[in-house]
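Below, each chain spelled out in residue letters.
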Amino acid sequence: MADPSSYRPKPGEIPDSPGVYKFRDEHRRVIYVGKAKNLRQRVANYFQDLANLHPRTRTMVTTAASVEWTVVSTEVEALQLEYSWIKEFDPRFNVKYRDDKSYPYLAVTLNEEFPRVQVMRGAKKKGVRYFGPYGHAWAIRETVDLMLRVFPVRTCSAGVFKNAERTGRPCLLGYIGKCSAPCVGRVTPEEHRELAEDFCAFMAGRTGTYIRRLEKDMAQAAEEMEYERAARLRDDAGALKRAMEKSAVVLADATDADLIAVAEDELEAALQIFHVRGGRVRGQRGWVTDKVEAVDTSGLVEHALQQLYGEERGDAVPKEVLVPALPEDPDAVSQWLTDRRGSQVSLRIPQRGDKKDLMATVQRNAQQALGLHKTKRASDLTTRSRALEEIAEALGLDAAPLRVECYDISHLQGDDVVASMVVFEDGLARKSEYRRFQIKGFEGQDDVRSMHEVIGRRFKRYLQEKERTGEGDEQHASDAPATEAAPPAAGPAPGSPETAEGPSDVGPVPGVPEAAGGPGALEGPAAPAGLTAPTAPTAPTAPTAPTAPTAPEGPAATGPVPAPPLAPASPDDVAGPREEDGRPKRFAYPPQLVVVDGGQPQVAAAQRALDELGIHDIAVCGLAKRLEEVWLPDDDDPVVLPRSSEGLYLLQRIRDEAHRFAITYQRAKRAKRIRSSPLDDVSGLGETRKQALIKHFGSVKKLRQATIDQICEVPGIGRRTAESVAAALAATAPAAPAVNTATGEIIEEDDGDSS
């Protein structure tokens, strides 16, 4: 536990300007980010008598080892920079709203030639119009089914669309009138896009225009005695009305607003949001968070607004945001929302009428969500605590292992050998800490040797990180083998085992959130440019690259740091200081327990790797699949946990997660190798131009037979690129044709080799 007075800035060092500050722990990890109108007043509040601080604030300042700040010109810039840093550093003492599910949206892909209506989850994509979120995907499908009568927009996948184009026959929806069948040319691309835009306009709340138009056309058809057409129009209008009925009218004035309500107690807070568009509730979602910092309702609302609208632009930010309490600086927050929308946004507390009544409904939903969460969590916390205690007792540990790392090896008959590392903290998966490895020390199938290599590489990097930050133990450095010496502080040398294959060597796989500071990651959202406070004499900054400002070196550095540039930094700019700026590093934090997927041989290999590095304070065990036995180093007999043990269940979950993560990476690596082409080795040749070459010549075989002048005929291919393509294909050409020894027939190369 650190003494805050040991890193307290000197009087007069902190400016009285607006800015953002961050506290770091002894590992240089950012643990808290805050903003202030007056940095001097706000930061000084953290260094008063500990007895006067809120318990959570007291825990934070005693965990920290340094404080830094960045001066900006306006409070709006401070708000944006605070959001950027919270997203980038993921500080443990900042409130973060998390949800256990991904809400479905109704999406219209306006970025395609023929826009498609579909259900989408996850990160939003550019050029796609979203409506929602909805509580259930079936609600979206019911709404779409009704609306396709009037707006027959394409809903099929790309594969179905291309197959219909090739055969000249539409799908079933095209035959029953629920798709305009652009795949077979029944409508032009312009006509289909107009249908998609009308669909979006209706979903955005402009419903009256279309219903009145249908009713007018129906009356006209009836006057002309076209009764079948009139009946169809009547049914179309009825379908739109039924679609509208699925979202009740809550505000009579066709308001576009988001209503946010908060329910809280001393430990947790629940947030509920109702999205109202055109006076109707179009979506609802909610989060629950731990109150890890001393924060009131206005602070919770401000954090919610940052996380809700931090990545949104345009109409995704509504004209009106109704909240239970205004943030500390409502004008700055309102201006920030206005900047993101591009027009005025009203941020206020509803005082009377329908909006106040609807806010009460949202508040009741938040109270119910908090109560349900507390009921579930009471059981979850008890179960996880009991599981960790059982593991500690069974393995003879001094304390419960709050951080557990598990390793698994995966391969297919000795090919594409990879390993995975998963991390569980307090019994829960921390996916941002997951890492993956390629086995490089040898080829072939040897799980024991692979495990020894992976454990050695992981903890060698841990020792290097300790030494780099000034925490290294000289004994560790002297005990490490001479051939495994730590690289210079600037990072591993190019071509070393940890950098030879770039991000594919060690790092998260797609679909798993990238750890801040993990391999291959770039800088987060650019923060507003700000003024930098003069460097304190006792805490000089030491940039590691001329183009990228870095944080002060050392675990207890105190002082200002330069504000990030307004423009996004290039990979070259951020490559140098990435692991010195406070974001979680690759292998900087040691576990209390290492679990390996395997029995006694794998456990012995892992323990031997730790012994070779001089690490003796990390426990090791293995979980064998056959009988679910727990093996310890140097023990001839396994530890057998009861089948009903929560500890065994947790170990199984960790082991199974490591296996899933490893096999996912191994399959992806194998699939990439199988799909490889000689064109992959051509420098500067992207996927689009590769496809253009294959489409022009028909196959790699015919491309290999083409001359440089013929290759230059392909649009987008210059002479230098054509020469590179010809050279790459010549280098991979078969030495001699294959011959069928039974018939003497020459086996031709497969013309379909277009991968």
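Above this text you will find the structure in question.
Below is a summary of the structure that appears in this document. (Residues numbered from 1 in each chain as written. Predicted model: local features only at pLDDT ≥ 70, side-chain atom pairs only at ≥ 80, totals over all residues. Heavy atoms only, no water.)

1. Looking at the sheet that holds strand 10 (residues 320–322)
And step 1. In spatial order, the strands read 9-8-7-10-11; together these 5 strands make up an open sheet with mixed pairing. This sheet does not close on itself; its edge strands, each paired only once, are strand 9 (280–290) and strand 11 (346–348). Strand-to-strand twist in this sheet, taken as the mean axis angle between neighbours without regard to direction, amounts to 15°.
And step 2. On top of the sheet, helix 10 (residues 297–309) reaches strand 7 (257–264), strand 8 (268–277), strand 9, strand 10 and strand 11; it is set at about 135° to strand 7, its chief contact. (Pairing = 2+ DSSP bridges. Helix = DSSP H or I, 4+ residues; strand = E, 2+ residues; numbered from the N terminus. Axes fitted to C-alpha atoms, helices over the stretch in contact; angles between N-to-C directions. Contact = heavy atoms within 4.5 Å.)

2. Overview of the layout of surface pockets
And step 1. Taken as a whole, the second largest pocket spans an internal volume of roughly 910 Å³.
And step 2. Lining the second largest pocket are 34 residues; nearest its centre among them are K124, E312, R313, D315 and A316.
And step 3. Residue assignment for the lining of the second largest pocket shows that the elements contributing at least two residues are strand 6 (129–131), strand 8, strand 9, helix 10 and helix 11 (330–341).
And step 4. Among the elements that make up the lining of the second largest pocket, the one with the highest residue count is strand 6 (3 residues).
And step 5. In terms of residue class, the lining of the second largest pocket is made up of 12 nonpolar, 5 polar and 17 charged. (1 Å grid on protein atoms, 1.4 Å probe; cavity = no way out; pocket = protein on both sides within 12 Å on 5 of 7 lines; lining within 4 Å. Points joined across faces, edges and corners; volume = space filled by probe spheres on them. Nonpolar A, V, L, I, M, F, W, Y, C, P; charged D, E, K, R; others polar.)

3. As for the pattern of salt bridges
And step 1. Applying the stated rule across the entire model yields 27 salt bridges.
And step 2. With a closest N to O distance of 4.0 Å, K22 and E68 form a salt bridge. Placement of K22 in strand 1 (residues 19–25) and of E68 in strand 3 (residues 64–71) is noted, with a sequence separation of 46 residues between them. Each member of the pair K22 and E68 is classed as buried.
And step 3. In the salt-bridge network here, residues are joined through shared partners; they are R29, D90, R403, E405, E425, R430, E433 and R458. (Salt bridge = Lys/Arg side-chain N within 4 Å of Asp/Glu carboxyl O. Buried < 20%, exposed > 50% of the residue type's maximum accessible area, 1.4 Å probe, protein only.)

4. Considerations on the side chain of R435
And step 1. Its location among the elements puts R435 in strand 15 (residues 435–438).
And step 2. With no salt bridge to any partner, buried R435 finds its closest opposite charge in E433, at an N-O distance of 5.3 Å.
And step 3. Among the polar contacts listed, one links the side chain of R435 to the backbone oxygen of S432, at a separation of 3.4 Å. (Lys, Arg positive; Asp, Glu negative; His and termini not counted. Polar contact = N/O pair within 3.5 Å; in protein donor to acceptor, adjacent residues only side chain to side chain.)

5. Concerning the packing of helix 13 (residues 447–468) against helix 16 (residues 600–612)
And step 1. In contact at an axis separation of 8 Å, helix 13 and helix 16 are set at 30° when each is read in the N-to-C sense. Helix 16 is crossed by helix 13, and the crossing has right-handed handedness. Note on element contacts: helix 16 touches helix 13 through P601, Q602, A605, A606, R608, A609, L610 and E612, opposite D447, V448, M451, H452, I455, G456 and F459. (Left-handed = near helix turned anticlockwise from the far one by under 90°.)

6. Here we look at the pairing of strand 13 (residues 415–425)
Along any regular strand, the residues point their side chains to alternate faces of the sheet.
And step 1. Within strand 13, 9 of the 11 residues are buried, which leaves the element mostly enclosed by the surrounding structure.
And step 2. Relative to strand 13, strand 12 (residues 403–412) runs antiparallel, the two sharing 9 bridges. Considered in strand 13, the bridge of I409 is made with A419.
And step 3. Connecting strand 12 to the antiparallel partner strand 13 that follows it, the hairpin turn spans 2 residues, and Q413 within it adopts a positive phi of roughly 55°.
And step 4. Across 4 bridges, strand 13 lies against strand 15 in antiparallel orientation. Bridge pairing links A419 to F437 in strand 15.

7. Concerning the packing of aromatic side chains
And step 1. All told, the structure shown has 15 aromatic pairs when counted by the stated rule.
And step 2. Taking 6.2 Å as the distance between ring centres and 80° as the angle between the ring planes, the aromatic pair formed by F151 and F199 counts as edge-to-face. Placement of F151 in the loop between helix 4 (137–147) and helix 5 (158–167) and of F199 in helix 7 (residues 189–203) is noted, with a sequence separation of 48 residues between them. Note on accessibility: F151 and F199 belong to one class, buried. (Phe/Tyr/Trp six-rings, centres within 6.5 Å; stacked < 30°, edge-to-face > 60°.)

8. Re the side chain of D258
And step 1. Positionally, D258 belongs in strand 7.
And step 2. Non-local contacts of D258, meaning those with residues more than four positions away in its chain, are made with F274, H275, V276, R277, Y309, P318, E320, V321 and L322.

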